[in-house]
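Descriptive structure summary
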There are 2 protein chains.
Amino acid sequence: MPSHALGFAAHDHSSCVKSALGTALDACAERGVQMTPVRKRALEILLENHSAMGAYDVLVRLDAEGLGSKPPVAYRALSFLVEQGFVHRIERLNAFIACAHPGDKHDPAFMICRTCGTVAEAQISSATLGASAAQSGFQIEQTVIEAQGLCPACQPEGTA
Amino acid sequence: MPSHALGFAAHDHSSCVKSALGTALDACAERGVQMTPVRKRALEILLENHSAMGAYDVLVRLDAEGLGSKPPVAYRALSFLVEQGFVHRIERLNAFIACAHPGDKHDPAFMICRTCGTVAEAQISSATLGASAAQSGFQIEQTVIEAQGLCPACQPEGTA
DNA sequence: CGCTTTCCGTTATGTTATAACATACACCGC
DNA sequence: GCGGTGTATGTTATAACATAACGGAAAGCG
Ligand SMILES: [Zn+2]
Ligand SMILES: [Zn+2]
Ligand SMILES: [Zn+2]
Ligand SMILES: [Zn+2]
């Protein structure tokens, strides 16, 4: 009975971490980029509980393991992971979270619980935004879609 | 020939500022909240050129007019304006922008030009996100939708 | 070996945001 | 007028987030 939640649902966490890590390693090999110890450990830390963490939170963990103590260490590793699509940045929280379905490049959407802070990654298309952009001639390269509200666990009983 | 752009289109700016300010004033009266000098001036500053400004940029302007020089002054005024829906916060830029169509409460969507920094507010529905949220039981209270890309003016000639 | 590239370590600083506390002022019932 | 109440301001200090810039280690390659 895994206690970690991926999004709002329980799941087999150890296999999920293993697979995410494997996917990342494979992608790195294929792309000719390096999954160095710092980068790998940063990804593992984010995968550990699927929660959004600030760069400094990650840094504290890295520091505890002797992998670096200065902000640039964390920011460099996180930038790499975001570039490679293994991790997403949540603008609203100034935080980072491991991708819930790595492997395919995508524009993520997030649901952020205002109460418990749990973050779930949703699969959505930004078609409506695309239509609006086309009208005005705007060329979309990347979208940030973040919804804030209440996750199932945090909703008052009668309100769901 | 007004030089300011609302979004990517030119428009009659002085009348637009006047009307936005009027709408805000009316709304305050109706809601029983106060449009104090600092708040009003902050809104005017943001309306001036329809561009996204950082809190400290606004603060510099306020300071120059003797309306306050310390960060909380700007943040309080901006928080008020955001709460009342006269101003939106752009998470991705850590910046603020006057609402392009105040009066009706709405979840704004933005198109942010990577090159010139121009920000346009779009009218879109977050229906797709809503459907996704409903499936997982998430109760959306607020959404942030921000697209980054190239505005018409910044696109290379043959690429539009 | 000399050269390049990539990653890492460190210093220093810049930028954004809020906690906490003190003061001013208007309004109201008395 | 006076004390209480609420809202808005002023001020200090610090928290939290992020990057510029420079030097050094290590790997790959002629
Ligand atoms: Zn998991
Ligand atoms: Zn993802
Ligand atoms: Zn205008
Ligand atoms: Zn708006």
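The coordinates are above.
Below is a summary of the structure that appears in this document. Fair warning: this is a prediction, and the values are worked out from it, not measured in the lab.

Glancing now at the coordination of the zinc ion (ligand 2). Perfect tetrahedral coordination of a metal by four donors corresponds to 109.5 degrees between them, and perfect octahedral coordination by six donors corresponds to 90 or 180 degrees. Residue and element names in this part refer to chain A. Around the zinc ion (ligand 2), the donor atoms from the protein are His-88 (NE2), Cys-99 (SG), His-106 (NE2) and Glu-121 (OE), and they sit 1.9 to 2.3 Å away. Considering all four donor atoms around the zinc ion (ligand 2), angles at the metal cover 96 to 139° and the coordination shape is irregular. One chain supplies every donor to the zinc ion (ligand 2), and in sequence these donors are spaced H-x10-C-x6-H-x14-E. Here His-106, found in the loop between strand E4 (95-98) and strand E5 (109-113), pairs with Glu-121, found in strand E6 (residues 119-122); they are 15 residues apart in sequence, far enough to count as distant. Using a relative accessible area of 15% as the deciding quantity, one classes Glu-121 as buried.

Residue and element names in this part refer to chain B. For the zinc ion (ligand 3), the full set of protein donor atoms is His-11 (NE2), His-13 (ND1), Cys-16 (SG) and His-50 (NE2), and the range of their distances to it is 1.8 to 2.4 Å. Considering all four donor atoms around the zinc ion (ligand 3), angles at the metal cover 96 to 120° and the coordination shape is tetrahedral. Of note, the zinc ion (ligand 3) draws all its donor residues from one chain, in the sequence arrangement H-x1-H-x2-C-x33-H. With His-11 in the loop between strand E2 (9-10) and helix H1 (13-31) and His-50 in the loop between helix H2 (37-49) and helix H3 (55-64), this residue pair connects regions lying 39 residues apart in the sequence. For His-50, a relative accessible area of 9% translates into the label buried.

This part takes up the pairing of strand E5 (residues 109-113) of chain B. Residues and elements named next belong to chain B. With respect to burial, E5 is a largely interior element, five of its five residues being buried. Burial along E5 is two-sided: Ala-109, Met-111 and Cys-113 facing one way and Phe-110 and Ile-112 facing the other are all buried. Judged from the four bridges that link them, E5 and strand E6 (residues 119-122) form a sheet pairing that is antiparallel. Bridge pairing in E6 places Phe-110 opposite Glu-121. Counted between consecutive antiparallel strands, the loop separating E5 from E6 contains five residues, among which Gly-117 sits at a positive phi close to 80°.

Take the protein's contact with DNA strand D next. By nearness alone, 14 residues border DNA strand D, and A:Tyr56, A:Tyr75, A:Arg89, B:Thr36 and B:Arg76 come closest of all. One of the side-chain N or O atoms of A:Tyr75 is found 3.0 Å from a phosphate oxygen in DNA strand D. Counting only elements with at least two residues in the surface near DNA strand D, the list comes to helix H4 (71-83) of chain A together with H2 and helix H4 (71-83) of chain B. When residues of the surface near DNA strand D are assigned to their parent elements, the largest contribution, three residues, is made by H4(A). Of the residues contributing to the surface near DNA strand D, the split by class is seven nonpolar, three polar and four charged.

Cut-off values and rules
- Residues numbered from 1 in each chain as written.
- Chains lettered and ligands numbered in written order.
- Predicted model: local features only at pLDDT ≥ 70, side-chain atom pairs only at ≥ 80, totals over all residues.
- Heavy atoms only, no water.
- Donors = N, O, S within 2.8 Å, 3.2 Å for Na, K, Ca; no water.
- Tetrahedral: all angles 85-135°; square planar, octahedral: opposite > 155°, others 65-115°.
- Helix = DSSP H or I, 4+ residues; strand = E, 2+ residues; numbered from the N terminus.
- Buried < 20%, exposed > 50% of the residue type's maximum accessible area, 1.4 Å probe, protein only.
- Pairing = 2+ DSSP bridges.
- Near = heavy atom within 4 Å.
- Polar contact = N/O pair within 3.5 Å; in protein donor to acceptor, adjacent residues only side chain to side chain.
- Nonpolar A, V, L, I, M, F, W, Y, C, P; charged D, E, K, R; others polar.

From the geometry alone we can't say anything about function, so treat these as descriptive.
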